[in-house]
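The primary structure of each chain is shown beneath.
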Amino acid sequence: ALWCLMMSVTPTRGCLLDLPWEDILVPHILCHLPLEQLLSLQRVSKSFQSLIQLYLANMRCFDSSQIGPAIPRAAFVNLLKDNEVLQQLALQNCSDWLTDRELLPVIGQNHHLHQIQLKGCAQLSRHALVAISLSCPNLRQLSLAHCEWVDSLSLRSLADHCKALEAVDLTACRQLKDEAICYLVQKCGRLKSLSLAVNANVGDVAVEETAKCCPELEHLDLTGCLRVKNDSIRVLAEYCPKLRSLKVKHCHNVAESSLSVLRSRGVELDVEPPLQRALVLLQDVVGFAPFINLQI
């Protein structure tokens, strides 16, 4: 596709650039090209450079992974400097250099963002989350997985200003305790997906409050939450009729006695029932699946 666009520069039957830019080229042609190819296209001519700049200024979705294994800091700043209409922002390959200095201007000028992915962006600070909460009132999905800079104060700001949130990933946000999670779910009752995985500070109080405040909850990840026990899982089963999946692997205080109700409802669990688990272990040891008469 990129080769065809470049060939169209030849004046044999008119130029591709003669087509209306904002009505045809940007919304119907350039949107089908990978971002990495669009950046290469800028080098064809000054006219193509202007066209790509127009496209970037009107781009609704920016995903850094489309550019390659790593995006240079200067390139990121240049790509988004004129954009004020972003709806989705995913920054997976920027953790080595992305700081508040680069991110805050982008957040500050894009008030229509409803999806933000900052997984593993370890060099940001709590100011980034405060900026998101103040600039993105329509935010629905936010991933802060492995962002240990997230603290209770910045999470409170998010909860106060982004009440339309439906999915939040707080995996390994180890500063957060039950109180912060409770405040979030009390303010954001529309949550359908929540990850609190790999957080030893999260326990029954947070899980029970989540269950009572978020009746639309469909997915909950509690992997490695060692303080979660059976009581909160029972509350979850009682208050969340729409729950579809629950992850409790490595939650050593959660037993089948509380999971059985969810299992009987068809909720997808990441731990096997005791009998099946025993059979798998036995097969690993013996080398074959033993015959057991389950009718006895």
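Cut-offs and rules
Each chain has its residues counted from 1, running along the sequence as written. A pLDDT threshold of at least 70 governs which residues receive local features in this predicted model, and a stricter bar of 80 or more applies before side-chain atom pairs are shown or counted, although totals over entire chains, interfaces and linings include all residues. Only hydrogens and water are removed before side-chain values are computed, so all heavy atoms of the structure are retained for them. UniProt positions are given in the numbering used here, feature names are shortened, and annotations may be inferred rather than shown by experiment. For the purposes of this entry, the term helix denotes a DSSP run of H or I that reaches at least four residues, the term strand denotes a run of E that reaches at least two, and both are numbered from the N terminus. Residue burial is assigned from relative accessible area. The probe radius is 1.4 Å, only protein chains are included, and a residue is buried under 20% of its type maximum, exposed over 50%, and partly exposed in between. Note on definitions: a residue-residue contact is assigned when non-hydrogen atoms from the two residues lie within 4.5 Å. Each accessible area is a Shrake-Rupley estimate made with a 1.4 Å probe; only the visible protein chains count as cover when residues are assessed. Note on geometry: axes are C-alpha line fits, over the in-contact stretch for helices, and angles between N-to-C directions span 0 to 180 degrees. Any angle that falls under 35 degrees is termed roughly parallel, while one over 145 is termed roughly antiparallel, one within 65 to 115 roughly perpendicular, and all others oblique. The residue classification treats Ala, Val, Leu, Ile, Met, Phe, Trp, Tyr, Cys and Pro as nonpolar and Asp, Glu, Lys and Arg as charged. All others, Gly included, are polar. Here, nonpolar core refers to any group of buried Ala, Val, Leu, Ile, Met, Phe, Trp, Tyr and Cys residues whose side-chain atoms link them within 4.5 Å. By definition here, a salt bridge exists when the distance from a side-chain nitrogen of Lys or Arg to a carboxyl oxygen of Asp or Glu is within 4 Å. This arc describes the spread of directions from the helix axis toward the C-beta atoms. Stacked, tilted and edge-to-face are the three classes assigned to paired rings of Phe, Tyr and Trp, where Trp is represented by its six-membered ring and a pair needs centres within 6.5 Å; plane angles under 30 degrees give stacked, over 60 edge-to-face, the rest tilted. Whether a charge sits over a ring depends on NZ of Lys or CZ of Arg being within 6 Å of the ring centre and within 35 degrees of the ring normal. When DSSP finds at least two bridges between two strands, those strands are taken to pair.

- The protein carries the name F-box/LRR-repeat protein 15 in an unreviewed UniProt entry, which gives Zosterops hypoxanthus as its organism.
- What the UniProt record of the protein gives under Sequence similarities (unreviewed entry) is the line "Belongs to the FBXL15 family."
- Within the UniProt record for the protein, the comment given under Subcellular location (unreviewed entry) is "Cytoplasm".

### What about the overall build of the protein?
Phase 1 of the analysis: Helix and strand counts for the protein come out as 13 helices and nine strands.
Phase 2 of the analysis: In the protein, which comprises 296 residues, the share counted as buried stands at 44%.
Phase 3 of the analysis: Within the protein, contacts between residues separated by at least 24 positions form 71% of all contacts whose residues are at least 6 apart in sequence.
Phase 4 of the analysis: Summed over its atoms, the accessible surface of the protein is roughly 15,200 Å², and 53% of this surface lies on carbon and sulfur atoms.

### Re the packing of helix α10 (residues 204-213) against helix α11 (residues 230-239)
Phase 1 of the analysis: Contact geometry for α10 and α11: axes closest at 8 Å, N-to-C directions at 5°. When the axis of α10 is compared with that of α11, the two are roughly parallel. In this structure, α10 uses Asp 204, Val 207, Glu 208, Ala 211 and Lys 212 to contact α11, whose residues at the interface are Asp 231, Ser 232, Val 235, Leu 236 and Tyr 239.
Phase 2 of the analysis: Broken down by class, the residue content of the contact of α10 with α11 amounts to five nonpolar, one polar and four charged.

### Details of the nonpolar core
Phase 1 of the analysis: If you look at the biggest cluster of nonpolar residues, it comprises 85 residues, and the most contacted ones within it are Phe 62, Leu 89, Leu 91, Leu 144, Leu 170, Leu 222 and Leu 246.
Phase 2 of the analysis: Leu 89 has contacts with Phe 62, Leu 80, Leu 103, Val 106, Ile 107, Leu 113, Gln 115, Ile 116 and Gln 117, leaving out every residue within four places of it along the chain.

### Looking at the pattern of salt bridges
Phase 1 of the analysis: According to the stated counting rule, one finds ten salt bridges in the structure shown.
Phase 2 of the analysis: Note that Asp 178 is salt-bridged to Arg 227, the shortest N-O span being 3.7 Å. With Asp 178 in helix α9 (residues 178-187) and Arg 227 in the loop between β7 (219-221) and α11, this pair connects stretches of sequence that are 49 residues apart.
Phase 3 of the analysis: Residue classification places Asp 178 among the buried positions, given a relative accessible area of 7%.
Phase 4 of the analysis: In this structure Arg 227 comes out as partly exposed when scored by relative accessible area, which is 40%.

### Side note on helix α5 (residues 73-80)
Side chains that are three or four residues apart share a direction in an α-helix, a result of its 3.6 residues per turn.
Phase 1 of the analysis: Buried within α5 are the following residues: Phe 76, Leu 79 and Leu 80. Along the axis of α5, the buried residues cluster in a sector spanning 75°; they form a single face.
Phase 2 of the analysis: Next to the buried residues of α5 lie α3 (35-41), α4 (46-57), β1 (61-63), β2 (88-90) and α6 (100-108).

### Focus: the packing of aromatic side chains
Aromatic ring pairs are described here by two measures, namely the spacing of the ring centres and the angle between the planes.
Phase 1 of the analysis: Taken as a whole and judged by the stated rule, the model has two aromatic pairs.
Phase 2 of the analysis: In this structure an aromatic cluster arises from ring pairing among Phe 62, Phe 76 and Trp 97.
Phase 3 of the analysis: For Arg 156, the ring lying beneath its charged end belongs to Tyr 183, and the centroid distance is 3.8 Å.

### Remarks on the sheet that holds strand β5 (residues 167-169)
Phase 1 of the analysis: Pairing in this open sheet of nine strands is parallel, and the strands run β1-β2-β3-β4-β5-β6-β7-β8-β9 from one edge to the other. In this open sheet, the two edge strands, each paired with only one partner strand, are β1 and β9 (268-269).
Phase 2 of the analysis: In this sheet, β2 lies alongside β1 in parallel orientation, the contact comprising three bridges. If you follow Phe 62 over to β2, its bridge partner there is Leu 89.

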